Amino acid sequence: MNYVLANGLIVITFVCLSLAVIAWLHKKAPGAKALSAIMVSLAIWSFMYAMRWLTEDPDTIRLWLNLAFFGILLAPPSMLIFASQFSNSKFTLSPRVLLLFAIEPALSLIFIWTDAGNGFFYGSGYDPNSLLSGGTWFWVNVLYSFILMVFSVIILARYTRSVTNLIRKQTIMILTGYLIPIITCAVEVLLTNDATEFDITPFTFLGSGILVIFSFIRYQLFDITSIGYARLVEISQDALVVLGPDLRIIDMNPAGENLLTPFGAAIGKNAVEVFANWPSILTSLDGAQEAIAFIKINGSVRRDFDLSIIPQTNRNSTIGVWFLLFHDITYLKQTEYALTASENKIRSLFDAITDNVLVLDRDGRYLEIAPTNQGAEIRDPLHLIGKTVHDVFA
């Protein structure tokens, strides 16, 4: 028996269960339910393994180790599901795919609980002190679990490279939490020896749990607004720039990078330098309130933008970040210029002629009468509007 180890594992159990509750309270957020399942599986693993160290009876030890595998087998599929849902991966987990994932864990449970008769899972080298050694099917399960976990890491790593700076910090925190127990478990499996008295893998869950808690507090990991922000800004055609309270650029979406990189914009650069050619932007930032500005950006072609400047305040009412949203209105401006030119042309034409101008629709109905020559009016214009040529001359 080892009371110190058992107490430590019980503490880890409560940490994991606390995280499971927190994740479940945010169950509407992408991946929240899967993270809750991960935490529950780790809690089962830790608790059952703790109970193993509170007894010396061989049959009872085997019972607790068998129960621990309920958590061990649940963790890898849950990790993959979470990675897929959180990253909005193209790899979809349909009911059929989930059923395929369940085949290996189901077979493992069968072999675990019948091992006393066939030795197919624990094998001849059954070690009551360790969960990381066994027979033929044990190594099949190890391979299967590591394939799922590595695939999960790849999904998160690829997602980290594709998101903006703010969301990248969240994802890196999750990725780090994944890697800590995976690397520890891999090292133990590959380097296990007879001198090993117990597994330290469950203790790495504590570090991962603290990391996730920090993510909740610092980066609002399961704030639906943050997830929605990530989805929105990535596909938005409008340029978005995020400034910190010191007016340094802390994030830009792809459209923002394409628009402003030629003018020296980059993560960490001061907005005063980047927007020096647009005083109206700097004036609005000094105002510490929402503002709208119209600016022109001269690149290979001149473009017009409707700029919304939105401050986001913290709980202490100080500005935490600034959002600068550049909406391209070049086409609208060009249309406005064309309409103005057309209107001026028509006005000039009206001023140059002396006859009455009658505007009709395709049905021959009078829409407008322009009496350019007041002395040459055919009839009161108000009596013609809405009537057809046939009505007037019948």
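Above this note sits the structure.
Procedures and definitions
Residues numbered from 1 in each chain as written. Predicted model: local features only at pLDDT ≥ 70, side-chain atom pairs only at ≥ 80, totals over all residues. Heavy atoms only, no water. Helix = DSSP H or I, 4+ residues; strand = E, 2+ residues; numbered from the N terminus. Expected span 1.5 Å × (residues − 1). Bend = angle between axes of the 7 residues up to and from the residue. Buried < 20%, exposed > 50% of the residue type's maximum accessible area, 1.4 Å probe, protein only. Pairing = 2+ DSSP bridges. Polar contact = N/O pair within 3.5 Å; in protein donor to acceptor, adjacent residues only side chain to side chain. Salt bridge = Lys/Arg side-chain N within 4 Å of Asp/Glu carboxyl O. Axes fitted to C-alpha atoms, helices over the stretch in contact; angles between N-to-C directions. Contact = heavy atoms within 4.5 Å. Parallel < 35°, antiparallel > 145°, perpendicular 65-115°, else oblique. Left-handed = near helix turned anticlockwise from the far one by under 90°. Nonpolar A, V, L, I, M, F, W, Y, C, P; charged D, E, K, R; others polar. Lys, Arg positive; Asp, Glu negative; His and termini not counted. Core = buried A, V, L, I, M, F, W, Y, C linked by side-chain atoms within 4.5 Å. Phe/Tyr/Trp six-rings, centres within 6.5 Å; stacked < 30°, edge-to-face > 60°.

Enquirer: Describe helix 4 (residues 95-113), listing the residues and the values that go with them.
Expert: Its 19 residues place the ends of helix 4 27 Å apart at the C-alpha level, agreeing with the 27 Å of an ideal helix rising 1.5 Å per residue. Along helix 4, the helix axis deviates most sharply at Ile-103, where the bend reaches about 25 degrees; the proline Pro-105 sits within four residues downstream. Every buried residue belonging to helix 4 is among Phe-101, Glu-104, Pro-105, Ser-108, Phe-111 and Ile-112, and all of these are buried.

Enquirer: Mind laying out the pairing of strand 3 (residues 291-298), listing which residues take part and the relevant values?
Expert: Moving residue by residue along a regular strand, the side chains alternate between the two faces of the sheet. As judged from the 8 bridges shared by strand 3 and strand 4 (residues 302-313), these two strands associate in the antiparallel manner. Considered in strand 4, the bridge of Ile-295 is made with Phe-305. A loop of 3 residues connects strand 3 with strand 4, the two strands running antiparallel in sequence.

Enquirer: Any chance you could break down helix 1 (residues 3-25) for me, citing the residues and the numbers?
Expert: A rise of 1.5 Å per residue sets the reference length of helix 1, with its 23 residues, at 33 Å; its end C-alpha atoms lie 33 Å apart and thus fit the reference within 8%. Along helix 1, the residues classified as buried are Leu-5, Ala-6, Gly-8, Leu-9, Ile-12, Thr-13, Val-15, Cys-16, Leu-19, Ala-20 and Ala-23. N-cap assignment for helix 1: the residue whose side-chain oxygen lies 3.4 Å from the backbone N of Val-4 is Asn-2.

Enquirer: Give me the lowdown on the pattern of salt bridges, citing residues and values where you can.
Expert: Scanning the model with the defined rule gives 6 salt bridges in all. The partner of Lys-296 in a salt bridge is Asp-304, and the shortest N-O contact between them spans 2.8 Å. Of the charged contacts in the structure, one is a salt bridge between Arg-303 and Asp-328, with a shortest N-O distance of 2.9 Å. On the criterion of sequence distance, the pair formed by Arg-303 in strand 4 and Asp-328 in strand 5 (residues 319-328) is long-range, its members being 25 residues apart.

Enquirer: With reference to specific residues and values, describe the sheet that holds strand 1 (residues 239-243).
Expert: Read from one edge to the other, the open sheet built from 5 strands follows the order 2-1-5-4-3, with strand pairing classed as antiparallel. Whereas interior strands pair on both sides, the edge strands pair on one side only; in this sheet they are strand 2 (249-252) and strand 3. Mean inter-strand twist for the sheet, computed between neighbouring axes without regard to direction, equals 25 degrees. Looking at chain direction, strand 4 and strand 5 are connected through 9 bridges and run antiparallel. In the sheet register, Gln-312 faces strand 5, and the bridge partner there is Val-321. In the packing of helix 12 (residues 279-286) onto the sheet, the strands contacted are strand 1, strand 3, strand 4 and strand 5, and the crossing angle to strand 5 comes to about 150 degrees.

Enquirer: Tell me about unusual backbone geometry, and name the residues and values.
Expert: Notably, Leu-247 is not glycine yet its phi reads approximately 65 degrees, a positive angle. Relative to the elements of secondary structure, Leu-247 occurs in the loop between strand 1 and strand 2.

Enquirer: Tell me about the packing of helix 1 against helix 2 (residues 32-52), and name the residues and values.
Expert: With their axes 8 Å apart at the nearest point, helix 1 and helix 2 run at an angle of 165 degrees to one another. Of the possible angle classes, the one that applies to helix 1 and helix 2 is roughly antiparallel. Viewed along their axes, helix 1 and helix 2 form a crossing whose handedness is left-handed. For the contact of helix 1 with helix 2, a count of residues per class yields 20 nonpolar, 3 polar and 1 charged.

Enquirer: How would you sum up the side chain of Asp-238? Please name residues and give values.
Expert: Mapped onto the secondary structure, Asp-238 falls in the loop between helix 9 (224-235) and strand 1. The side chain of Asp-238 is buried and forms no salt bridge, while Arg-303, the nearest opposite charge, is found at 8.2 Å. Looking at Asp-238, its side chain comes within polar contact range of the side chain of His-327, at 3.0 Å. With residues up to four places along the chain from it excluded, the contact list for Asp-238 reads Asn-253, Ala-255, Leu-325, Phe-326, His-327 and Asp-328.

Enquirer: Explain the environment of Tyr-159 to me, using residue names and the numbers behind them.
Expert: Tracing the chain through its elements places Tyr-159 in helix 6 (residues 136-162). For Tyr-159, a relative accessible area of 8% corresponds to the buried category. Here the alpha-carbon distance between Tyr-159 and Thr-171, two residues 12 residues apart in the chain, equals 7.8 Å.

Enquirer: Before we move on, could you go through the nonpolar core and cite the residues and values that matter?
Expert: Within the largest apolar cluster, 55 residues are counted, with the highest numbers of intra-cluster contacts made by Ile-38, Phe-82, Phe-121 and Tyr-178. Elements with a contribution of two residues or more to this core: helix 1, helix 2, helix 3 (58-86), helix 4, helix 6 and helix 7 (165-191). No other element matches helix 3, which puts 12 residues into this core. Residue contacts for Tyr-178: discarding those within four places in its chain leaves Ile-38, Met-79, Phe-82, Ala-83, Ser-152, Val-153 and Leu-156. In this structure, Leu-259, Leu-285, Ile-295 and Ile-309 belong to the second largest nonpolar core, which totals 26 residues.

Enquirer: Describe in detail the packing of aromatic side chains, supporting the description with residues and values.
Expert: Summed over the entire model, instances satisfying the criterion amount to 16 aromatic pairs. Centre to centre, the rings of Phe-70 and Trp-113 are 6.4 Å apart; their planes meet at 50 degrees, and the pair counts as tilted. Note that Phe-70 is positioned in helix 3 and Trp-113 in helix 4, a separation of 43 residues in sequence. Residue classification places Phe-70 among the partly exposed residues on the basis of a relative accessible area of 38%. Classification of Trp-113 as partly exposed rests on a relative accessible area of 39%. Where Phe-305 meets Phe-326, the ring centres are 6.3 Å apart and the plane angle is 85 degrees; that geometry is what we call edge-to-face. Linking Phe-305 in strand 4 with Phe-326 in strand 5, this pair joins segments that are 21 residues apart in sequence.

Enquirer: Report on the packing of helix 2 against helix 3, specifying residues and quantitative values.
Expert: The description of two helices packed together rests on the angle between their axes and the distance between the axes. With their axes 7 Å apart at the nearest point, helix 2 and helix 3 run at an angle of 160 degrees to one another. Relative to helix 3, the element helix 2 lies roughly antiparallel. Relative to helix 3, the crossing made by helix 2 is left-handed. Looking at side-chain class alone, the contact of helix 2 with helix 3 contains 22 nonpolar, 4 polar and 1 charged residues.

On their own, these measurements won't tell you what the molecule is for.
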